[in-house]
Amino acid sequence: MLYQKGESSISISKRLTIPIRTVIEHLHYNKVRVRTQREALQLSVQRKRLNPRVKQILKQKNKITLAKSYILGVLCGDGWIYYNTESPKQTYQIGLAAIDKDFVVEFSRCLSKVFGSKPKVKKIKSRNDRWKDQYRTRFCSRLACDTFLEHGTFKTMSWIVPQYVLCANKGLKASFLRGFFDSEGHVDIKTRRVSAVSANKKGLIKVMVLLDSLKIRSMLQKHSSKETYSIYIQDRCSVVSFFENVGFTIRRKAQALDILVKNYKFTKTLAQDIQSKLPRMLKLRKKGLTYDRIAELLGLSSGTVWKYINKLKDPERLTL
């Protein structure tokens, strides 16, 4: 009677002090049609009995924010959405587990900004001595999961860059890319490049489109040993643009990128300076030093050293 009058199964459970599962079982037993989630939500709105958490989720559902874009970027990488509708163990959660605490804390903060309820960050001790401890955060809500599943499945081979991100402003694009590169990105100081790895080629191509819109050039390369692909950002201007517009939340990656940018030679070396260093450059090369080592000693880029030493092998091509 209470249910047919519009009471929710939760309120009936509280009023009669019986488990909510018992309420639902008796409704089914007496052949009372149970309201769908949408119908229950509409009724809750009409009767103004929504709890604050649901109100916040509904309020943010169609909003486009930096926090939401970051979460979407992480979900295309290390994050997950677990959506299990099978009874009796129905589970709905958005989560992330990683070795970098600052990464997980930022993901938790963004969930809080979007949904108004901050999930806890828990340390997970590794059972294997060779593996590092992880940090994990989870937000359990079917409505929250539905909010993100409108933009794709976020499975390894099928995740996509949401259309609204592709058409968004610079800030939202950068926030999505930061979330993705926090998950899948890597900085190699030695080879002077930023990279990201995934088995999803189509997804990576869309990420490259985003990068290009921020004037960050990149290239796609397939790994020969396995079915995975890498995006490489390796020219000076693009690395600097990535540093200034995207960057990393993860401290260790941000520090590596900072070192990479500082090591780059941002100003072109005058031809006269190179001319004065040529004799020492050749002397060091004859001693067997590598181009990288010579560049380090003379304060030049390895590409400049290689270029001028190899030009000297053909005097007619030498133009200083």
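Residues numbered from 1 in each chain as written. Predicted model: local features only at pLDDT ≥ 70, side-chain atom pairs only at ≥ 80, totals over all residues. Heavy atoms only, no water.

A look at the pairing of strand 7 (residues 219-222)
Okay, step 1: Across 4 bridges, the pairing between strand 7 and strand 8 (residues 229-233) is antiparallel. Note that in strand 8 the partner of lysine 222 across the bridge is tyrosine 229. (Pairing = 2+ DSSP bridges. Helix = DSSP H or I, 4+ residues; strand = E, 2+ residues; numbered from the N terminus.)

Side note on the pattern of salt bridges
Okay, step 1: Counted according to the given criterion, the structure contains 9 salt bridges.
Okay, step 2: Two residues, lysine 125 and aspartate 133, come together in a salt bridge whose shortest N-O distance is 3.4 Å.
Okay, step 3: Judged by its relative accessible area of 23%, aspartate 133 is partly exposed.
Okay, step 4: The residue aspartate 235 makes a salt bridge to arginine 217 at a minimum N-O spacing of 3.5 Å. You can see aspartate 235 sitting in the loop between strand 8 and helix 11 (236-245) and its partner arginine 217 sitting in the loop between helix 10 (201-213) and strand 7, a full 18 residues away along the chain.
Okay, step 5: Residue arginine 217 is classed as exposed on the basis of its relative accessible area of 56%.
Okay, step 6: Connected through shared salt-bridge partners, Lys123, Lys125 and Asp133 make up one network. (Salt bridge = Lys/Arg side-chain N within 4 Å of Asp/Glu carboxyl O. Buried < 20%, exposed > 50% of the residue type's maximum accessible area, 1.4 Å probe, protein only.)

So, the confidence of the model for the protein
Okay, step 1: The predicted model of the protein averages 84 in pLDDT, with 85% of residues at 70 or higher.
Okay, step 2: Scored below 50 in pLDDT, residues 315-320 shows 9 contacts in the model against residues more than four places distant or in partner chains. (pLDDT = per-residue confidence, 0-100. Contact = heavy atoms within 4.5 Å.)

Re the nonpolar core
Okay, step 1: Within the largest apolar cluster, 58 residues are counted, with the highest numbers of intra-cluster contacts made by Ile94, Phe181 and Phe242.
Okay, step 2: When residues in this core are grouped by element, the largest group, 7 residues, is from helix 6 (residues 101-115).
Okay, step 3: Not counting residues up to four positions away in its chain, the partners in contact with phenylalanine 242 are Phe181, Val194, Leu211, Ile216, Ile233, Gly247, Phe248 and Leu257.
Okay, step 4: Counting 12 residues, the second largest nonpolar core, distinct from the first, contains Met281, Tyr291, Ile294 and Tyr308. (Core = buried A, V, L, I, M, F, W, Y, C linked by side-chain atoms within 4.5 Å.)

Describing unusual backbone geometry
Okay, step 1: Phi at threonine 17 takes a positive value of approximately 50 degrees, unusual for a residue other than glycine.
Okay, step 2: Looking at the secondary structure, you find threonine 17 in the loop between helix 1 (9-16) and helix 2 (20-29).
Okay, step 3: Residue classification places threonine 17 among the exposed residues on the basis of a relative accessible area of 68%.
Okay, step 4: Residue lysine 215 is not a glycine yet carries a positive backbone phi of 65 degrees.
Okay, step 5: Mapped onto the secondary structure, lysine 215 falls in the loop between helix 10 and strand 7.
Okay, step 6: The class of lysine 215 is exposed, set by a relative accessible area of 72%.

Quick notes on the packing of helix 9 (residues 170-184) against helix 10
Okay, step 1: Look at helix 9 against helix 10: their axes get within 10 Å of each other, and the N-to-C directions meet at 135 degrees. Between helix 9 and helix 10, the angle falls in the class oblique. Note that helix 9 runs across helix 10; the crossing there is left-handed. Along the contact surface, helix 9 presents Lys173, Phe176, Leu177, Phe180 and Phe181, while helix 10 presents Leu204, Val207, Leu210, Leu211 and Ser213.
Okay, step 2: A breakdown of the residues in the contact of helix 9 with helix 10 according to their chemical character gives 8 nonpolar, 1 polar and 1 charged. (Axes fitted to C-alpha atoms, helices over the stretch in contact; angles between N-to-C directions. Parallel < 35°, antiparallel > 145°, perpendicular 65-115°, else oblique. Left-handed = near helix turned anticlockwise from the far one by under 90°. Nonpolar A, V, L, I, M, F, W, Y, C, P; charged D, E, K, R; others polar.)

Some details on the side chain of aspartate 100
Okay, step 1: For aspartate 100, the location among the structural elements is in the loop between strand 2 (91-98) and helix 6.
Okay, step 2: Look past the residues within four positions of aspartate 100 in its chain and what remains in contact with it is Tyr135, Ile250 and Arg252.

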